[in-house]
Amino acid sequence: MKRVYLDNAATTPLDAAVIAEMTNVMENYFGNPSAIHALGREVRTLVEKARKTVSGLLNASPSEVFFTSGGTEADNTAIRCGISAYGIKHAITSKIEHHAVEHTLNTMLKNGEIDKLSFVNIDEKGNVDYNHLEELLQNNERTFVSLMHANNELGTLTDMVKVGDICEKYNAIYHADTVQTMGHYPHNVRELKAHFIVCAAHKLHGPKGVGFLYVNSNIKIPPMIYGGAQERNMRGGTENVYGIVGLAKALEIAYAEMDQHQAYIQGLKDYLKAQLIAEIPGIAFNGETDADKSLYTVLNVSFPEMDMGDMLLFNLDINGICASGGSACSSGSNIGSHVLNGINADPNRPSVRFSFSKYTTKEELDYVIEKVKMVVKQNALA
């Protein structure tokens with residue numbers, strides 16, 4: 001059976017050049033990078049070369065880049081350690097953040113590590129109300145702000161420059177969850193005014209289980225993981241050398257090919273959107289979809305109410321289409337998507353997130369359109 005992979009926001013296939021780079025390290029370099037002998041020093045050189053590659057692409061200093069196990073650890077470290085280091089008692093976020101942010105801040109509030117958690121207003125497309133953000137910051141206490149660059153379910157973009165300017169005005173610490181946009185947009189940390197940004201390599205054709213945290217040199221935080229002097233005493237534990245090398249290679253490729261990939265993938269997204277509008281009456285979209293307001297790799301489709309709407313993803317799967325999605329909460333037993341709940345999406349309309357990569361083809365999208373039309377027709381309300 002033909003299979004079409006449209007769940008790239010969840011994870012992406014490895015680039016062949018990344019596999020080759022990692023395989024070379026696996027086959028030829030096995031020393032512990034903390035060892036002082038020759039084999040250890042060889043591997044240490046690989047780690048620091050990768051750090052230099054990453055920092056160079058971000059216009060950061062190598063000392064500002066710390067390798068982690070992925071985006072979740074990076075987010076947790078930024079939030080927990082950033083708040084702890086400065087004795088912050090008030091945090092601001094939104095109700096549509098990734099669980100790595102939402103659950104962390106809610107737990108800190110519950111445990112008394114912060115006294116107040118405020119939620120900035122968002123509209124029905126997931127856009128941040130910047131005026132409300134500024135209102136929330138108008139106090140005499142230092143505040144921690146955590147707002148993602150692009151929503152992982154909707155694709156709606158937040159203006160990082162604007163948030164950074166507002167945070168700077170009120171001396172707030174700014175953490176941006178950039179997991180979905182790292183490698184898809186340039187991140188020049190000398191222009192962004194973010195104190196923390198993050199990466200998960202598997203979102204940009206790199207390996208799973210590795211990422212990084214950028215920490216602005218003006219911010220000093222304690223470690224979250226203790227146990228050794230690795231990562232300049234900031235993260236105990238032997239480094240995932242193969243993963244780190246793969247991450248750097250994936251990011252290097254992403255930056256080198258960014259413009260052409262953005263144009264190509266945006267074309268695919270626009271094509272699928274137009275075809276769905278033409279072929280399925282009542283189709284709508286969650287979040288922003290215009291190119292200047294939305295992450296070009298994500299299209300969240302709101303389908304008309306239908307019989308067995310909760311089985312839509314399953315029906316797509318049995319037709320060989322790999323996607324993700326859900327619905328807003330419609331009852332106490334159905335938690336639904338907290339993101340769709342957060343924008344007050346219609347709970348009776350099933351939603352599917354289609355997400356694309358440089359490996360997606362127009363022919364695959366034609367197949368998806370054909371199968372989606374069939375499934376919707378079969379389950380249409382009488």
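All of these numbers come straight from a predicted model, not from anything done at the bench.

A. View of helix 5 (residues 130–137). Of all the eight residues making up helix 5, six are buried; the element is thus mostly covered by neighbouring parts of the structure. Buried residues of helix 5: Y130, H132, L133, E134, L136 and L137, and no others. Those residues of helix 5 that are buried are in contact with strand 3 (90–93), strand 4 (116–119), strand 5 (143–146) and helix 6 (160–169). The opening residue of helix 5 is D129, an N-cap whose side-chain oxygen sits 3.1 Å from the backbone nitrogen of N131.

B. Here's a closer look at the domain arrangement of the chain. Taken domain by domain, the chain holds domain 1 (4–12 + 257–379) and domain 2 (16–253). For domain 1 versus domain 2, the separation of C-alpha centres amounts to 28 Å. Listed by partner, the interface residues are 29 residues for domain 1 and 33 residues for domain 2. For the pair domain 1 and domain 2, the summed buried area comes to about 2,600 Å², and 50% of that belongs to carbon and sulfur atoms. When the buried surface of domain 1 facing domain 2 is broken down by residue, T12, L295 and H338 rank first, second and third, together holding 23% of it. Put simply, domain 1 and domain 2 have zero salt bridges between them.

C. Seen up close, the pairing of strand 3. Burial along strand 3 is two-sided: the face carrying H90 and I92 and the face carrying A91 and T93 are both buried. Pairing of strand 3 with strand 4 involves four bridges; the strand directions are parallel. Directly across from T93, in strand 4, lies its bridge partner F119. Tracing the backbone out of strand 3, into helix 4 (residues 99–110) and back to the parallel element strand 4 gives a crossover that is right-handed. Here strand 3 runs beside strand 5; their pairing, made up of three bridges, is parallel. When the sheet's bridge partners are listed, I92 is paired in strand 5 with V145.

Parameters and conventions
Residues numbered from 1 in each chain as written. Predicted model: local features only at pLDDT ≥ 70, side-chain atom pairs only at ≥ 80, totals over all residues. Heavy atoms only, no water. Buried < 20%, exposed > 50% of the residue type's maximum accessible area, 1.4 Å probe, protein only. Helix = DSSP H or I, 4+ residues; strand = E, 2+ residues; numbered from the N terminus. Contact = heavy atoms within 4.5 Å. Polar contact = N/O pair within 3.5 Å; in protein donor to acceptor, adjacent residues only side chain to side chain. Domains from an automatic or database assignment. Buried area = accessible area lost by both parts, 1.4 Å probe. Salt bridge = Lys/Arg side-chain N within 4 Å of Asp/Glu carboxyl O. Pairing = 2+ DSSP bridges. Right-handed = clockwise from strand over helix to strand, strands pointing away.

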